[in-house]
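# Inside the fold
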Amino acid sequence: MDNYTHKKFTGALKRKRGQNEDSDDEDVIFITKESPPQPLAKRQRKLFRPWLDNDTETQDKASPPPTPPVTTATTYHANMVRAHISSRQRSPQEQLRRDRNTLASLRHRRSKQQQQLQLEQQYAASRRQHEVNLEQQIRLSLYYVRFLQQTLAQSHPIDASELKGVPQHLAQHKSSLQKS
Amino acid sequence: MANKRLYLPLESQQQHTQHHDKPEQIDQLVALELQHLKTHYADEEQRYVDQMLIENPVVVERRSPAVVSSPSATSIPTAQKSRSHGSRDDAQRQRAESCRKSRYNNKIKKAKLRFRHKFVCSQLNESAGVLDYMREVIAQAETQLLARGFNRVALERMRQTFGVNQCNGSADIMDQ
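Residues numbered from 1 in each chain as written. Chains lettered and ligands numbered in written order. Predicted model: local features only at pLDDT ≥ 70, side-chain atom pairs only at ≥ 80, totals over all residues. Heavy atoms only, no water.

## Here's the deal with the overall build of chain B
Counting secondary structure elements, chain B contains six helices and zero strands. Going from the N terminus to the C terminus, chain B shows its helices and strands as α-α-α-α-α-α. Scored against the burial criterion, the 176 residues of chain B give a buried share of 27%. (Helix = DSSP H or I, 4+ residues; strand = E, 2+ residues; numbered from the N terminus. Buried < 20%, exposed > 50% of the residue type's maximum accessible area, 1.4 Å probe, protein only.)

As structure tokens, this is what we get:
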């Protein structure tokens with residue numbers, strides 16, 4: 001998983017980090033999309049802050065801002081990284097450490113998701129197999145009660161007692177099936 | 001008359017049995033009974049999961065102490081800036097609460113899946129064991145029947161009618 005791709009490390013966030021500081025990315029490989037970098041001030045205006053929408057609405061009415069070009073940085077993503085009011089400046093080493101940690105946690109989360117998916121599939125398969133087994137039990141019970149037992153009893157009534165009693169599971173099915 | 005019945009040939013007994021056990025009727029009976037068993041299984045599974053959740057409660061601790069907002073505690077903001085701060089804090093609190101709820105629900109969901117998986121594995125083991133035992137008993141009965149001169153082809157036909165010739169696939173699942 002050397003070339004791990006995640007939207008957090010593509011597009012806008014990568015451009016932002018690349019412009020803010022000179023990060024030493026020798027160990028961490030990012031796969032970025034081809035898109036032109038945007039100026040810092042313009043990007044900050046596009047940050048997702050719904051709690052300020054009402055306050056800025058009145059300001060916008062007075063002086064409508066120029067419509068920004070639609071890019072990946074301006075479009076809304078549900079899982080967008082939350083923007084802090086005061087963004088902390090970090091050293092390249094610290095940023096690298098943070099990125100490594102983030103990648104590791106993302107990988108861990110992905111592996112957990114895969115484990116969860118596997119468990120769900122195993123559960124579904126086991127349940128299907130159990131239902132197949134139940135159907136077979138019903139059929140075997142019917143076969144035994146309606147055919148084998150009766151035929152054996154009719155052919156030689158004395159030998160019916162040689163069957164060492166009706167097995168418990170077949171007896172349970174027998175009572176329910178004979179009612180039907 | 002009773003004695004005559006004892007000496008009836010097996011072939012006529014086969015015809016008598018076959019007349020009343022058509023494959024469609026068998027399938028209908030099987031479908032009905034299977035539906036009952038499936039419902040019973042679902043109830044048992046739900047009961048097991050609920051019991052396990054009670055015995056192993058899921059706890060999600062708060063990362064920060066909960067702030068209980070009441071009208072008397074908060075002072076009436078006069079400036080617009082303090083109002084925006086208050087609404088921002090409310091939004092943050094709301095978000096934190098919804099995050100916490102989401103984490104809790106996800107934990108519950110995962111725990112339920114684990115318990116359901118445990119339950120189905122135990123049920124599958126049991127049903128596979130029961131199936132093997134039933135097949136043994138039926139094999140014994142068939143051997144006896146064949147020993148008394150019952151026609152093997154007729155026996156195979158009856159097996160087809162009742163649909164008991166399905167192979168056992170439970171070993172593949174249990175080996176996983």
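What follows continues from the structure just given.
## Here we look at the packing of helix α4 (residues 92-155) of chain A against helix α5 (residues 152-162) of chain B
One can describe the packing of α4(A) onto α5(B) by two numbers: an axis separation of 9 Å at closest approach and a directional angle of 135°. One finds that α4(A) runs oblique with respect to α5(B). Crossing geometry of α4(A) relative to α5(B) is assigned as right-handed. Two secondary-structure elements touch here, α4(A) through A:R139, A:L142, A:Y143, A:R146, A:F147 and A:L148 and α5(B) through B:L155, B:M158, B:R159 and B:F162. (Axes fitted to C-alpha atoms, helices over the stretch in contact; angles between N-to-C directions. Parallel < 35°, antiparallel > 145°, perpendicular 65-115°, else oblique. Left-handed = near helix turned anticlockwise from the far one by under 90°. Contact = heavy atoms within 4.5 Å.)

## Quick notes on the pattern of salt bridges
A complete count under the given rule lists eight salt bridges over all chains for this structure. The salt bridge involving B:K38 is made with A:E131; its shortest N-O contact spans 3.8 Å. With B:K38 in helix α3 (residues 23-55) and A:E131 in helix α4, this residue pair bridges two chains. (Salt bridge = Lys/Arg side-chain N within 4 Å of Asp/Glu carboxyl O.)

## Things to note about α4(A)
Counting along an α-helix, one turn takes 3.6 residues, and residues three or four places apart therefore face a common direction. Counted at 1.5 Å a residue, the expected span for α4(A) with its 64 residues is 94 Å, and the 91 Å between its end C-alpha atoms agrees. At A:Y144, α4(A) is bent by approximately 35°, the largest bend along its length. (Expected span 1.5 Å × (residues − 1). Bend = angle between axes of the 7 residues up to and from the residue.)

## Regarding the nonpolar core
Soluble globular proteins tend to bury their nonpolar side chains together. A:Y143, A:Y144, A:F147, A:L148, B:L145, B:L155 and B:F162 are the most contacted members of the largest nonpolar core, which totals 27 residues. Only α4 of chain A together with α3, α4 (80-147) and α5 of chain B provide two or more residues apiece to this core. For this core, the element with the most residues is α4(A), which contributes ten residues. Counting residues in each nonpolar core, the second largest holds seven residues, with B:L53, B:V58, B:I108 and B:A111 among its members. (Core = buried A, V, L, I, M, F, W, Y, C linked by side-chain atoms within 4.5 Å.)

## Regarding the packing of aromatic side chains
Per the counting criterion, the structure on display carries five aromatic pairs over all chains. Aromatic pair B:Y41 and B:F119: ring centres 5.5 Å apart, planes at 40°, arrangement tilted. Remark: B:F119 occurs in helix α4 and B:Y41 occurs in helix α3; sequence separation between them is 78 residues. Chaining the aromatic ring pairs together yields one cluster made of A:Y143, A:F147, B:F150 and B:F162. The cationic tip of B:R114 hangs over the ring face of B:F115; the distance from NZ or CZ to the ring centre is 5.9 Å. The positively charged end of B:R116 is found above the aromatic ring belonging to A:Y123, 5.4 Å away from the centroid. (Phe/Tyr/Trp six-rings, centres within 6.5 Å; stacked < 30°, edge-to-face > 60°. Lys NZ or Arg CZ within 6 Å of the ring centre and 35° of its normal.)

## Looking at α5(B)
All names here are of chain B. Of all the residues in α5, the buried ones are A154, L155, M158, R159, T161 and F162. Down the axis, α5 shows its buried residues gathered within 160° of arc, on one side only. Those residues of α5 that are exposed and aimed more than 90 degrees away from the buried face are R152, V153 and Q160. Its side-chain oxygen at 3.3 Å from the backbone nitrogen of V153, N151 defines the N-terminal cap of α5. (Arc of directions from axis to C-beta. Polar contact = N/O pair within 3.5 Å; in protein donor to acceptor, adjacent residues only side chain to side chain.)

## What to know about the packing of α4(A) against α3(B)
Contact geometry of α4(A) with α3(B) gives a least axis separation of 10 Å together with a crossing angle of 135°. Accordingly, the angle class assigned to the pair α4(A) and α3(B) is oblique. Considering only the axes of α4(A) and α3(B), their crossing is right-handed. Contacts between α4(A) and α3(B) pair A:Y123, A:R127, A:H130, A:E131, A:L134, A:E135, A:I138, A:R139, A:L142 and A:R146 from the former with B:I26, B:D27, B:L29, B:V30, B:E33, B:L34, B:L37, B:K38, B:Y41, B:A42 and B:E45 from the latter.

## Notes on the confidence of the model for chain B
All names here are of chain B. Predicted confidence across chain B gives a mean pLDDT of 79, with 70% of residues reaching 70 or more. Mean pLDDT per element in chain B: helix α1 (residues 2-6) is the minimum at 35, and α3 is the maximum at 95. Segment residues 1-13: pLDDT under 50, and eleven contacts once partners within four positions in sequence are set aside and those in other chains are kept. Confidence over residues 170-176 falls short of pLDDT 50; this stretch has eleven contacts with residues more than four positions distant or in other chains. For this predicted complex, the interface score ipTM comes out at 0.74, while the overall pTM is 0.61. (pLDDT = per-residue confidence, 0-100.)

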